[in-house]
Amino acid sequence: MAALRRRLAAVRRQRPSLAQPRMTRRVVVHLLLGLYGLVSAYPFLWMVSGALQGTKEMLGGGHLIPRHPTLGTLAQTWTQLHFLRYFGNSLAVTVATTVGALAVYSLAGYSFGALRFPGRRLLYGCFVALLFVPGITMLLPLVILQNRLGLLGTRTGLILPGINATAPLAVMLLTNAFRAVPRELREAARMDGAGEARTFVSVYLPAVRPALVTLALLTAIPTWNEFVLARVSLGDPATYTLPLGLQDLSSSANPQQNTLMAASLIIVIPVVLLFVFLQRSFVNGLTGAVKG
């Protein structure tokens, strides 16, 4: 009994020495993450600061904390540089692309994850394999196809490729989410007389809502920021999206730094707000898809 007590006392004395390295590693990791966060946030802080400074202050070198903050630069950029029109074009393309992707790939994910049919695994593997195909390699064939279909220079010419580009990730994400739904719910719905469409809408869609929110974010953000395809296919300034408006502004004869930063802030704010409001569902959707 005495030997057991001595052993327990020795273990207790060893615990602080074991906990100390863990605490040190944790502090170092948090310091490194904090430093990385500051480095990552620094350009964003300068963008916000520049958007709130007047031209005179920016020409004087600018300051990270504006000495004379003003909303005049944002207002001027919004009204005089046609950013309201660009904003409307970007919003229309992003909403249509996101809704289309949700409608198409929720059905595809339900088919792969909940139904059983010949060739299901092979077809699913083909979709996943597309993740390894660089999107830029499809740019020239896509533009040629758009030209032959009469879609070049139109919003539809941006929406359809945007929906198609989401296919590999969307199918993989939603298939895993639908697969994680217990089959007992499907069997109970069928016993109650629900058809395939009713089972899909009433049982499966509510169960995979976080995955749908995740897919919506993963579709909306790249579509909102799309530049390459828009630059190649859109030629009429009336159809320009926000990234094209910013590019035209930066290539003008005498671009002002505060105006460029204000334009960049206008583009970034909707994306940041969207992620802030939906971040919990976004994380839950990714976690559920990985577990599935």
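Please read these numbers as outputs of a predicted model, since none were measured by experiment.

Together, Tyr42, Phe44, Leu45, Leu64, Ile65, Val272 and Val276 make up a nonpolar patch on the protein surface, roughly 640 Å² of accessible area in all. Element by element, the count of residues in the nonpolar patch is highest for helix α1 (residues 2-51), at three residues. Assessed through its relative accessible area of 44%, Tyr42 is described here as partly exposed.

What follows deals with the UniProt feature "transmembrane region" (unreviewed entry) in the chain. In this numbering, the UniProt entry assigns the feature "transmembrane region" (unreviewed entry) to residues 27-48, 86-110, 122-145, 157-178, 199-221 and 259-278. Annotated as 100% helix and 0% strand, the span residues 27-48 places its first and last C-alpha atoms 31 Å apart. Structurally, residues 259-278 comprises 100% helix and 0% strand, and the distance from its first C-alpha atom to its last is 30 Å.

What the rule picks out here adds up to three salt bridges. The partner of Glu196 in a salt bridge is Arg186, with the nearest N and O atoms 2.7 Å apart. Here Glu196, found in helix α10 (residues 196-207), pairs with Arg186, found in helix α9 (residues 183-191); they are ten residues apart in sequence, far enough to count as distant. Owing to a relative accessible area of 9%, Arg186 belongs among the buried residues under this scheme. Where Arg190 meets Glu196, a salt bridge forms, and the shortest distance between an N and an O atom there is 3.2 Å. A relative accessible area of 39% places Arg190 in the partly exposed class. Residue classification places Glu196 among the partly exposed positions, given a relative accessible area of 32%. Among the ionic contacts, a cluster of salt bridges with common partners joins Arg186, Arg190 and Glu196.

On to the side chain of Ser49, then. Its place among the elements puts Ser49 in helix α1. For Ser49, a relative accessible area of 3% gives the class buried. Discounting chain neighbours no more than four positions away, the residues touching Ser49 are His63, Leu64, Ile65 and Pro66.

Once that is clear, we can look at the nonpolar core. Of all hydrophobic cores here, the largest spans 48 residues; its most connected members are Tyr105, Tyr110, Leu174 and Phe178. Sequence-distant contacts of Phe178, that is, excluding residues within four places in its chain, are made with Ser106, Gly109, Tyr110, Gly113, Phe200, Tyr204, Leu205 and Val208.

Further remarks concern helix α11 (residues 209-225). Between the first and last C-alpha of α11 there are 25 Å, a value that for 17 residues agrees with the 24 Å anticipated at 1.5 Å per step. Along α11, the positions that sit buried rather than exposed are Ala211, Leu212, Val213, Thr214, Leu215, Ala216, Leu217, Thr219, Ala220, Thr223 and Trp224.

Here we take up the confidence of the model for the chain. Overall, the prediction assigns the chain a mean pLDDT of 83, with 89% of residues at 70 or greater. By mean pLDDT, α1 is the weakest element of the chain at 74, and helix α4 (residues 83-114) is the strongest at 92.

The rules behind the values
Residues numbered from 1 in each chain as written. Predicted model: local features only at pLDDT ≥ 70, side-chain atom pairs only at ≥ 80, totals over all residues. Heavy atoms only, no water. Patch = residues over 30% accessible without salt bridge, like charges linked within 9 Å, V, L, I, M, F, W, Y side chains within 5 Å. Areas by Shrake-Rupley, 256 points an atom, 1.4 Å probe, with all protein chains shown as cover. Salt bridge = Lys/Arg side-chain N within 4 Å of Asp/Glu carboxyl O. Helix = DSSP H or I, 4+ residues; strand = E, 2+ residues; numbered from the N terminus. Buried < 20%, exposed > 50% of the residue type's maximum accessible area, 1.4 Å probe, protein only. UniProt positions renumbered as here; feature names shortened; annotations may be inferred. Contact = heavy atoms within 4.5 Å. Core = buried A, V, L, I, M, F, W, Y, C linked by side-chain atoms within 4.5 Å. Expected span 1.5 Å × (residues − 1). pLDDT = per-residue confidence, 0-100.

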